[in-house]
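Close look at the chain arrangement
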Amino acid sequence: ASGAVRRAFKGFQQPMGVVAGEDGAIHVVDFATGELLHLSADDDARRVVASGLAGPVGLAQDARGRLLVSEAASGRLLRIDPTSGAREVLASGLA
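This write-up is about the structure you can find in this document. (Residues numbered from 1 in each chain as written. Predicted model: local features only at pLDDT ≥ 70, side-chain atom pairs only at ≥ 80, totals over all residues. Heavy atoms only, no water.)

1. Some details on the pairing of strand 1 (residues 15–20)
This is how it is decided: A pair of strands is considered paired only if DSSP assigns at least 2 bridges between the two. A run of DSSP states H or I qualifies as a helix once it reaches four residues; a run of E qualifies as a strand once it reaches two. Both are numbered from the N-terminal end.
Sheet analysis places strand 1 next to strand 2 (residues 26–30), joined by five bridges and oriented antiparallel. Bridge pairing in strand 2 places G17 opposite V29. Between strand 1 and the antiparallel strand that follows it, strand 2, lie five residues; G24 among them carries a positive phi value of about 90°.

Right, here's the structure in full:
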């Protein structure tokens, strides 16, 4: 690897978590907007996977490619499907 940055994405207010997918796409949670975003590896396309998140501060990916988001304002841990945006509450009362 050369260490060179291939592309820069702009327009985030408070990005708090980043996960790189196997396909080269990047997922980012933005605390200020309450969004989980999918950033395409092929172009500058950006897609909102989920919105209305309550202060997302953490992001991880499980073995099946689903995204785990921690919400600071609600004290919840969510599992979100990166394709459909379907949410499942894994834990609550964590605040």
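Next comes the rest of the description.
2. What to know about the pattern of salt bridges
Here is the rule we go by: For salt bridges, the criterion is a side-chain nitrogen of Lys or Arg within 4 Å of an Asp or Glu carboxyl oxygen. Categorising residues by exposure relies on relative accessible area from a 1.4 Å probe, with only protein chains included: less than 20% of the type maximum marks a residue as buried, more than 50% marks it as exposed, and the intermediate range marks it as partly exposed.
Taken as a whole and assessed by the stated rule, the structure comprises three salt bridges. Two residues, R66 and D62, come together in a salt bridge whose shortest N-O distance is 2.9 Å. When its relative accessible area of 19% is taken as the criterion, D62 is described as buried. In this structure, the salt-bridge partner of E88 is R79, at a minimum N-O distance of 2.8 Å.

3. So, the sheet that holds strand 6 (residues 67–71)
Applicable threshold: Axis definition: a line fit to C-alpha positions, over the contact stretch in the case of helices; interaxial angles, taken between N-to-C directions, run 0 to 180 degrees.
Ordered by their spatial adjacency, four strands build an open sheet running 5-6-7-8, and the pairing between neighbours is antiparallel. At either end of the open sheet lies a strand with only one pairing partner, and these are strand 5 (56–61) and strand 8 (87–91). Direction aside, neighbouring strands of the sheet carry axes that sit 25° apart on average. Judged from the four bridges that link them, strand 7 (residues 76–80) and strand 8 form a sheet pairing that is antiparallel. Paired with I80 across the two strands is R87, which belongs to strand 8.

4. Focus: the sheet that holds strand 4 (residues 46–50)
The strand order across the open sheet formed by four strands is 1-2-3-4, and the pairing between neighbours is antiparallel. A single partner strand is all that each edge strand has here, and the edge strands are strand 1 and strand 4. Each strand axis lies, on average, 25° off the axis of its neighbour in the sheet, ignoring direction.

5. Some words on the side chain of D62
The condition is simple: Within 3.5 Å is the distance limit for a polar contact, defined as a pair of N or O atoms, with the added protein rule that one can donate a hydrogen and the other accept it, and that residues adjacent in sequence qualify only through two side-chain atoms. Contacts: residue pairs with any heavy atoms within 4.5 Å of one another.
Here D62 lies in the loop between strand 5 and strand 6. Looking at D62, its side chain comes within polar contact range of the main-chain nitrogen of R66, at 2.9 Å. Leaving out residues up to four positions away in the same chain, D62 has contacts with L68 and R79.

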